[in-house]
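# Reading the structure
For reference, the chains in residue letters:
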Amino acid sequence: MALKIASRFRRLLQRPGSIDLGPYERLTQLVSEAEESVTSLTDEELTEAVGELRTTGGLHEDEQIEFLALAREAGHRAIGERAFDGQVVGALAMLQGRVVEMATGEGKTLAGAFAAAGYAIGGRKVHVLAVNDYLARRDAEWMGPVYELLGVTVAHIGQASTPEERRTAYQAEVCYVPVSEVGFDILRDRLVTDVADRVTVTPDVALVDEADSVLIDEARVPLVLAGATRTEELDDDVVQLVRTLRAGVDYEIDGDGRTVALTDKGTDKVEETLGGINLYEDDNLDRLTQINVALHAEVLLRKDVDYLVRDGKVSLINNNRGRIAKLQRWPDGLQAAVEAKEAVPVSDSGEVLDSITVQALVMGYKTLCGMTGTAVVVGESLQEFYDVEVAVVPPNKPNIRIDDPDRLYLTVEQKNAALVEHIAEVHETGRPILIGTHSVEESEQLSDRLEAAGIPHVVLNAKNDAEEAAIIAEAGVPGTVTVSTQMAGRGTDIRLGGRDESHDKEKALELGGLYVIGTGLHASRRLDDQLRGRAGRQGDPGGSLFFASLADELVTRYSVSSGLRPNPDKTGRLTDRKSIGVLEHAQRVADGANAELHRTTWQYHRLTGQQRAILLDTREKVLADDLAATEFAARAKERYDELVEELGEDVVKDAARRIALHHLDRRWTDHLAYLADLREGIHLRSLAGGIVHLKPIDEFNKSAIASFDTLIADAWTDAAETFKTAEITADGLDEGASGVPRPTATWTYLVNDNPFGTEADRILGRLRNAIKPESGAEPEEILPEEFDQDDLPEELRDLDDEDLPEELRATDDDQPEDLRGAGDDTDDADADPDTDRKKK
């Protein structure tokens, strides 16, 4: 009855996108009644009973009730966990194609296993899409005994899995795999020249863990497969030249800190230094590109925020997860530019062979469902992009966590001082503390402050993510202070008293449970809620508090504080409604910007996906059938007959297949390169025609259709010409001698479509710069623009520059020594890449 009342009350409060749990709750009651008849079964009898339910048409309602009663008993026997009613409700909702919202610690993993096994018993193949290798392996191994007792095969895949291991894992009825690995395997399978080289199976059921993160946050990010072409080393004179350029004088960073461009003065300086050349002449476009990517790498990409330098290599950081993004890189020469910046060996460059967005990948499955701790907030987006609804499952025990109001400060320095002081106060009591930071750099700076304050702590970030499980497992032990980067994306349960709850759990409870502290608000309140959700699991006490400042990047990028008259207390804290409103407004704007980026990415990729499907249909006929041999027998009959007579039909068919596949792939690669250039410059075309009359997406689609119109026909023409002169012997096709070589190496990465921003970004940035007031000597920096003298509280007005708080004065500590004093420091203007480029 309590569950039913809570469900009705919840529906009154929720936003659109959530559904009535009533039908699932009634079925759950029937599952509990049926459970009495299965407790007396032996393990063998239980497995046999599940086997009798196996079908190829999916489980009907009565069969779902019987299966879940057996599954509940299997969970109790195999891992000692009898599912709560809420977990059964969640499993039922997922079996109906819903995304389930269940709070952290409420048993999503077991509920997901029940749903995955239910689909498998119904004759379906299930991919449980995880956010990383660690969770895929952990959950597959953890739930393995449950699957075994139910007679369902299970496997997992990670970045280190070999092709044969992947092929075997995908054959299992349930496969736990990071969503990116599925995407990369699909991309690689699209380039095979032999059916036997494929590793994936036809997509069937996708059960998405951390569904909001995968389906919303990462959906706008294309997964890319690249092929090695050459080493693209940046000229040393370009690297050294870029380091002499001055912020605000030789280059301007746009108001959002997303793009950087040379000023007229900077262009003149570069051209003069390079020997009086004209950068914009056709012969110098390569040099202009090198300058642009070197400037982007030098100014906008930050060590320990966007990347790490480890073992003589540049390693990207996944900003959603706070982890090293292994085997992934930036495209378009940007990787080489960062490597030159850090003076490490330059790796091979390459060209994009194929790509797919996470959204297109997930939409390829026949059935989609999932689970997460925060789904209602994005319920409308899930309906818009995936046509799935949210089922919100109430906690097994009421949530008694106390979430204190955010504490807002004027400057970052004041915020940090208050943050450390508060941590010290709470630590004195012995209460376990989890601190969530946004970057490796921030976590290490906070670690230094805590060390100076004599507060013992452990740090979890991309530099030591291999130790994640051990660190997080002990975060609930009294006296522990854990500093974690992007804790919202860790997906790890924290128990009071440690992993086995044996380290003073009772004391942790008495102290108020785990205390979560955020060092700043995320771009979405949903991510803040994920961090908060680490405390107060399963009815435990807990607390949370977020610190923020008006100088945080969230505010300076997404809100306008000009005209604000902040009036802080002596610690710098702001409590007035207007200041707090600026913070809330910034978060709403950031959330909206990311949603629009998702929508725009999908618009641009939808047509490309349709064209890819047409090409893949032809490629499949070439790969699996004898379409190439048939074509060449008609287009080059004399040559075909001659080779068949000399070498045999099988050899010629194999050679024909490889030649045709090469040219189809080559044409597609060239088409993708054309589309990338087209999208980069499409805004110029719309501006030239009047932005009201020409929509960029319409112009893009028109040109993309025209480009693709003859692609397959042109590929066949090219292939026929190659076939006429190809080097084919009894050993088969000599690909190198015939001019149809395959890539010597491939690699994968995730990246935003426009790592340098769109042309519109740059045009608008230049317009913004053009209307800025002349500043005479000192170039303008973002923060002084936000806080002029009249905007500052009285105690900060008329102070000399050196007496102002650090965020409100021009500093040059991060400039090379020989450039200090030459211009504004660019560190505060540097952009977090989440909105504008994404790597993994």
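Cut-offs applied
Residue positions are counted from 1 within each chain, in the order its sequence is given. At least 70 in pLDDT is required for a residue's local features to be given in this predicted model, at least 80 for side-chain atom pairs to be given and counted, and no such filter applies to totals for whole chains, interfaces and linings, which use all residues. Side-chain metrics rest on all non-hydrogen atoms present in the structure, leaving aside hydrogens and water. Strands here mean DSSP runs of E at least two residues long; helices mean DSSP runs of H or I at least four residues long; both are numbered from the N terminus. Each residue is placed in one exposure class: buried if its accessible area under a 1.4 Å probe, protein chains only, is under 20% of its type's maximum, exposed if it is over 50%, and partly exposed if it falls in between. Residues count as neighbours in contact if any of their non-hydrogen atoms are within 4.5 Å of one another. The accessible surface values rely on the Shrake-Rupley method and a 1.4 Å probe; as for residues, cover is taken only from the protein chains in view. Helix span is expected to be 1.5 Å times the residue number reduced by one. Each salt bridge in this description consists of a side-chain nitrogen of Lys or Arg and a carboxyl oxygen of Asp or Glu lying within 4 Å of one another. As used here, the arc belongs to the directions running from the helix axis to the C-beta atoms. Patches in this entry comprise residues that are over 30% relatively accessible and not in a salt bridge; like charges within 9 Å are linked, as are nonpolar side chains (Val, Leu, Ile, Met, Phe, Trp, Tyr) within 5 Å. Charged residues are defined here as Lys and Arg on the positive side and Asp and Glu on the negative side; His and the ends of the chain fall outside this count. Charge positions are represented by NZ for Lys, CZ for Arg, CG for Asp and CD for Glu. What we call a nonpolar core is a set of buried Ala, Val, Leu, Ile, Met, Phe, Trp, Tyr and Cys residues that are connected through their side-chain atoms within 4.5 Å. At least two DSSP bridges between two strands are needed for those strands to be called paired. Summary of the metric used: pLDDT quantifies the predictor's per-residue confidence within the range 0 to 100. Structural elements are reduced to axes, namely lines fitted to C-alpha atoms, with helices fitted over the stretch in contact, and the angle between N-to-C directions of any two is expressed from 0 to 180 degrees. The labels follow the angle: roughly parallel below 35 degrees, roughly antiparallel above 145, roughly perpendicular from 65 to 115, and oblique for the rest. If you view the pair so one helix is near and one far, a crossing is left-handed when the near helix is turned anticlockwise from the far one by less than a right angle, and right-handed when it is turned clockwise. For this classification, the nonpolar set comprises Ala, Val, Leu, Ile, Met, Phe, Trp, Tyr, Cys and Pro, the charged set comprises Asp, Glu, Lys and Arg, and every other residue, Gly included, is treated as polar.

## Let's talk about the overall build of the protein chain
Counting its regular elements, the protein chain contains 30 helices and 25 strands. Looking at the 840 residues of the protein chain, the share that counts as buried comes to 57%. Here the contacts in the protein chain between residues at least 6 apart in sequence split such that 76% fall between residues at least 24 apart. When the accessible area of the protein chain is evaluated, it comes to approximately 35000 Å², of which 48% is carbon and sulfur surface.

## What about helix α4 (residues 61–79)?
For α4, which comprises 19 residues, the first-to-last C-alpha distance of 26 Å matches the rise-based estimate of 27 Å (1.5 Å per residue) to within 8%. The complete set of buried residues in α4 reads Q64, I65, F67, L68, A69, L70, A71, R72, E73, A74 and G75. Just beyond α4, the residue with positive phi is G80, at close to 75°.

## Some details on the environment of T618
With respect to the helices and strands, the residue T618 is situated in helix α23 (residues 577–624). Using a relative accessible area of 13% as the deciding quantity, one classes T618 as buried. Each residue touching T618, except ones within four places of it in the same chain, is listed here: L627, L664, I712 and W716.

## Concerning the pattern of salt bridges
Per the stated rule, a full pass over the model turns up 45 salt bridges. R532 is the partner of D529 in a salt bridge, and the nearest nitrogen-oxygen pair spans 3.1 Å. Of this pair, D529 and R532 both sit in helix α21 (residues 525–532), three residues apart, which is roughly one turn of the helix. Residue D529 is classed as partly exposed on the basis of its relative accessible area of 30%. The exposure class of R532 is buried, given its relative accessible area of 7%. In this structure, K724 engages E721 in a salt bridge whose closest nitrogen and oxygen atoms are separated by 3.2 Å. Separated by three residues within a single helix, K724 and E721 lie in helix α28 (residues 711–725), roughly one turn from each other. A relative accessible area of 38% places K724 in the partly exposed class. Shared partners join several salt bridges into a network, and the residues in it are E35, R72, R82 and D85.

## Re helix α11 (residues 236–243)
When we look at burial in α11, the residues that qualify are V238, V239, L241 and V242. Down the axis of α11, the sector holding all buried residues measures 165°, keeping them to one side. Residues of α11 that are buried in the fold lie against α12 (264–273), α13 (285–299) and α14 (334–341).

## Details of a negative patch on the surface
Judged by side-chain charge, E44, E45, E48, E52, E61, D62 and E66 come together as a negatively charged surface patch. At the level of secondary structure, the elements contributing two or more residues to the negative patch comprise α3 (43–52) and α4. One can find E48 in helix α3. For E48, a relative accessible area of 52% gives the class exposed.

## Let's talk about the nonpolar core
The biggest cluster of nonpolar side chains holds 102 residues, and the ones touching the most others in it are F67 and L150. In terms of residue count, helix α6 (residues 108–121) provides more of this core than any other element does, 10 residues in total. Apart from the residues within four sequence positions on either side, F67 is in contact with V50, L53, L59, F114, A117, G118, I121 and L150. In terms of nonpolar packing, the next biggest core, distinct from the first, is built from 33 residues, V192, L661, L664 and L711 among them.

## Quick look at unusual backbone geometry
At E210, a position not held by glycine, the phi torsion is positive, near 50°. If you trace the backbone, E210 turns up in the loop between β5 (205–209) and α10 (211–217). A positive phi angle, close to 55°, is found at A343, a residue other than glycine. On the secondary structure map, A343 appears in the loop between α14 and β12 (348–357).

## Some remarks on the environment of R639
With respect to the secondary-structure elements, R639 resides in helix α25 (residues 637–647). You can call R639 buried: its relative accessible area is 19%. Distance from R639 to K724, taken between C-alpha atoms, is 6.2 Å for residues 85 residues apart in sequence.

## Describing the pairing of strand β19 (residues 481–485)
With five of five residues buried, β19 is to be regarded as a mostly interior element. Of the two faces of β19, the one holding V481, V483 and T485 and the one holding T482 and S484 are both buried throughout. Pairing analysis gives five bridges linking strand β17 (residues 433–437) to β19, with the strands arranged parallel. Paired with T437 across the bridge in β19 is T485. The sheet contact formed by strand β18 (residues 458–460) and β19 spans three bridges and is parallel. Bridging across to β19, V459 finds its partner in V483.

## Digging into the confidence of the model for the protein chain
Looking at the protein chain, pLDDT values average 81 and 79% of them are 70 or higher. Note that pLDDT drops below 50 for residues 1–16; the model gives that stretch 18 contacts with residues more than four away or on any other chain. Considering only residues more than four positions removed or in separate chains, one finds that residues 752–840, a stretch of pLDDT under 50, has 200 contacts.

## Describing the packing of helix α24 (residues 627–635) against α28
At a minimum axis separation of 10 Å, α24 and α28 run at an interaxial angle of 75°. When the axes of α24 and α28 are compared, the pair comes out roughly perpendicular. On the side of α24, the interface is formed by L627, A628, E631, F632 and R635, while α28 contributes W716, T717, A719, A720, F723 and K724.

## Details of the packing of α3 against α4
For the pair α3 and α4, interaxial distance at closest approach is 10 Å and the crossing angle is 145°. α3 and α4 meet at a crossing whose hand is left-handed. Listed contacts from α4 to D43, L46, A49 and V50 of α3 are F67, L70, E73, A74 and R77. For the contact of α3 with α4, the residue count by class is six nonpolar, no polar and three charged.

## With respect to the environment of K303
Secondary-structure assignment places K303 in the loop between α13 and β9 (307–310). For K303 and L316, which are 13 residues apart along the polypeptide, the C-alpha to C-alpha distance reads 9.5 Å. In contact with K303, other than residues within four places in its own chain, are V309, E342 and E441.

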